[in-house]
Each structure stands twice: as C-alpha cells, then as structure tokens.
Amino acid sequence: MTQAAKVEAGTTRTLTDKEATKVAIGALVGTAMEWYDFFLFSAAAALVFNIQYFTSENATAAILASFATFGVGLVARPLGGMFFGAMGDRIGRRKTLMITIVGIGVITGMIGLLPSYAAIGIAAPVLLVLLRVFQGLFVGGEWSGAMTIVVENAPLKRRARYAALPQIGSPIGTIFSSGGFFLMTLIFSQENFASFGWRIPFLAAFPIVLLALYIRSRLDESPVFTELKERDATEKTPIRTVVTKHWAQIIVGMAAALLGVGGFYLVTAFVVYYGKAILDYSASLMLLGGLVAAAFEIPVLIAGGRLAERFGASKVIIYGGLLSAVVAVPAFLLIESGNPFLVVVGMTVSVAALSFPYAASGTVLTGLFPASTRYTGVGFCQNVAGMISGFVPFMATALVASAANHWWPAAAMLVFLSLFTMVAGMIAPRMSVDLPGFKH
C-alpha cells in the first residue's frame, strides 16, 4: 500500500454516515442540474433543433446535423475534464464545483434565448454550436468533481452506496427535462411548441442554478484533499501525471463508464427520434417513455449502489453489462411493436438494465486513481466516454438509415456497448488503488 493510500484510509476512517449523506445530497443536486441542462439539449436535438437551426430538404441530413451538434458538446468535455480536473486537484474540489455549476446553468439559459435560423440565418447554428462547446467544457468538470468529493467524504466500506447517489441526478435531470418538454407539448400546439414552447425549459435553468449554487455552497471540502494540502502532497502537474502514469486506467475507466452514458443516449435521444420520425409515434409518447424509464431508474441506481457495497462495484458492472446485452434485442422488439404500453416497457427495461453498471461506475472510476490525481483521472475517463457517447445517436441514425430504417443496427450497438463495459469490469480491480477494507 502506498503512503498516499495510507493517508486516505486514515482520513476517511473517522467519517460518519451523516457527513457522507450531507455531501452526497449536495452533489446530487448539482449533478441533477448538470443532467437537466444536458438532457434538455438531447431532447431538443431530437425534436426541434433540426427544424429551428438546420435547414435541409433531406430530413435525415437535418437530424444528423442536429445530433452532430449534440456530439460536439461532448467532444469539448475531455478538455473541460482536463482543465477543471487539474484545478480540482490543485485548489480543491469544492471551489471548482462552484464554478462548473454556474457555467452550466448560464449557458443553458442562453440557449433558450438564441434566435432561430429564420431570424438570424447562419449565425444561429454557429452560435448554437459555440454555446454547446462551452456547455461541454463546464460539464466536463462537473460529474468527476461531484463523484470525487462524495467518495472522499464517505467511510471506505460505504463508498459504493454513496457514490450511487449522485448518479440519481441523471434520471432526475431526465424527468425534469423530458417532463418540461412533455408539458410544453400538451400546453402548446405543435407549431407553437416548435416556435417558442421548447425554449421555456431552457430558460428555467436561470432560477434553478441559483438554488443549486446555494445548496452546493454548503458542501464541505474533501477531508482527503485537505489532508493532502496540509502535507503539501498535492500533485503539481496532475494532467501530465495522469497521462504518463495512468493511461491504462483511463482506458479501462472509459470502458467502464461507456454503457451508462452511451447506452442511455441510445435508448433516449436516438429512440425518441426513431419512434417519432421512422415509426410515426407521437412526440408525447416518446417523451413519456423517457420519463417512465427515468423514474424506474432511480430505485435501480439505489439497488446497484447497495449491491456494489456488498459484492464489489466491479461485479455489478460485469453482471449489469451482461444483463443489458441480453435484454437489448427484446427491448427493441417491444419499442417496434406499435403498442404504446409496450413501447414504454421496452425503453424502461433497457434503461433499467444499463443503470446497474452506471450505479457502480463512479466507485470503479474513483478507485482507479490515487487521491492526488483523482479529479483529473476520473474526468479523463468519464469525459472520453461522454465524447464517444455523444456520437452514439448520430451513428445509430446513420446505421439504421443504411439498413432501410430497420432497428437491428441500434440493438447491435447496445449489445456491443454492454459487452465492452462488462470486460472493463473484469479488468478494473487489478488496476485499482489498494485501500484496506474496500471491495473493488
């Protein structure tokens, strides 16, 4: 065991469940805000951006451009992960998280104010892409910081339980973002929704960020980072250290995170588009499917955290990845059925299966890196996975279009993502930091 690991084990030994719960809830609020903003863009890319910002006589080309813009923000995430990760490893987790949450909220609100292509021409898609890039930069430093501060404020033996709580921010963000769009489709006609109704959920980010900022300001700094600071043991060049010494951990961590992010985008952003444009389902039905799937995801994430605490996070990733691969084809058959109830069931089952690995991914990723470079390392892993995942809807759309709009290429993609993450779960324990009493 390294000296750094001994320091971390000693520092976390005195932590209580009460302290851990307070920090986990504070991080959860921030991640919910993060995912609310990010999933708003996902839903809007599938439903309105192809109409408002990208003009083309070819409907497939317009939606591909819209999904490509969605992906551009994820390309910026690794850069944000590097910048804010290094900041978090040098000046502290708490200060960095205050910056990222403000940036995410403000950028999202600005997207809601952006004029359409019809109003300002080519400047509209250009500005949309720029805002998406900046949003991606701030998001790049958010999840990794929230996960790092949670695990470092939790007792070692219970890290997996508390690391699953910030993951609930994903379904909460989905519920509020998809719910916001769902309400707008009920309140407004299709024409008015496409014109201005879609902007209201984006504009809601302005007051939401004030609430998130207040809650996050009450978080305690990580005691592990505080101890490193007092010992003058913080890493001076975290980016270089992670790239040169932990590149293998980056690859494994990226693979472990890929299903939870990329699979989710496949079953939400792509399926929403596929159901509406190809299967001629209503937008309300597809948004409802996302809402129900997100609601069921919350207890699955909690259960996944408890299972990871008991058996080890890597085992949850292994068996969760296998389960997701098994249900992929049946889930798409249900989505293709044309029965509204079965469509919702198909989306819900597939999201539930991939949520087990997602619940355990934060524990696995934070376990791959020592505390001195953890924020930076986790940021690399999650954001490279996020960057690849951002193009999953784009790739699925292109492959399905090349297969005469048949669903099988999308199901095959979900199977591949599931098995890829499963293999990472097998490899991760032997590459993780040795901490006493902690099950990798």
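One can find the structure itself at the top, above this paragraph.
Computed from a prediction, not measured in an experiment: that's the story for all the values here.

K.L.:
Can you walk me through the overall build of the protein in this structure?
P.N.:
For the protein, the helix and strand inventory stands at 23 helices and 0 strands. Against the 2.2 N^0.38 benchmark of 22 Å for 440 residues, the protein shows a C-alpha radius of gyration of 21 Å, consistent with a compact globule. With the principal axes as the frame, the protein shows a C-alpha extent of 60 × 45 × 40 Å. Expressed as a percentage of its 440 residues, the buried residues of the protein come to 61%. Looking at the protein alone, contacts between residues at least 24 apart form 86% of all its contacts between residues at least 6 apart. In the structure as shown, the protein presents an accessible area of about 15900 Å², 69% of it carried by carbon and sulfur atoms. For the protein, the distance from the average position of its 29 positive side-chain charges to the average position of its 21 negative side-chain charges is 7 Å.

K.L.:
Is there a simple way to think about unusual backbone geometry in this case?
P.N.:
For residues that are not glycine, phi is negative in most cases, and the peptide bond is trans in most cases. A positive phi angle is found at A404, which is not glycine, with a value near 60 degrees. By secondary structure assignment, the location of A404 is in the loop between helix 22 (392-402) and helix 23 (408-427). Despite not being glycine, N405 shows a phi value in the positive range, around 60 degrees. Mapped onto the elements, N405 comes out in the loop between helix 22 and helix 23. Accessibility expressed as a relative area gives 35% for N405, which makes it partly exposed.

K.L.:
Please clarify how the nonpolar core should be interpreted in this entry.
P.N.:
Side chains that are nonpolar tend, in soluble globular proteins, to be buried together. Grouped together as the largest cluster of nonpolar side chains are 102 residues, with contacts concentrated most on F49, F181 and F270. Looking at which element gives the most residues to this core, the answer is helix 17 (residues 247-278), with 18 residues. Listed in part, the 12 residues of the second largest apolar core include A20, L97, A146 and Y375.

K.L.:
Any chance you could explain the packing of aromatic side chains here in plain terms?
P.N.:
A ring pair, where both rings are aromatic, is described by two values, the distance of the centres and the angle of the planes. As enumerated under the stated definition, the model contains 8 aromatic pairs in all. When the centroid spacing of 5.1 Å and the interplanar angle of 80 degrees are considered together, the rings of F188 and F196 count as edge-to-face. Take F196: its relative accessible area is 37%, and that puts it in the partly exposed class. Considering the side-chain rings of F416 and F420, the 5.7 Å spacing of their centres and the 15 degrees angle between planes classify their relative orientation as stacked. One end of the pair, F416, and the other, F420, are both in helix 23, 4 residues apart, so they sit about a helical turn from each other. Taking relative accessible area as the criterion, F416 reaches 51% and is therefore assigned exposed. A relative accessible area of 31% means that F420 is categorised as partly exposed. Grouping aromatic residues by their ring pairs yields a cluster made of F83, F84 and F138.

Definitions and cut-offs
Residues numbered from 1 in each chain as written. Predicted model: local features only at pLDDT ≥ 70, side-chain atom pairs only at ≥ 80, totals over all residues. Heavy atoms only, no water. Helix = DSSP H or I, 4+ residues; strand = E, 2+ residues; numbered from the N terminus. Rg over C-alpha atoms; globule rule 2.2 N^0.38 Å. Buried < 20%, exposed > 50% of the residue type's maximum accessible area, 1.4 Å probe, protein only. Contact = heavy atoms within 4.5 Å. Areas by Shrake-Rupley, 256 points an atom, 1.4 Å probe, with all protein chains shown as cover. Lys, Arg positive; Asp, Glu negative; His and termini not counted. Charge placed at Lys NZ, Arg CZ, Asp CG, Glu CD. Core = buried A, V, L, I, M, F, W, Y, C linked by side-chain atoms within 4.5 Å. Phe/Tyr/Trp six-rings, centres within 6.5 Å; stacked < 30°, edge-to-face > 60°.

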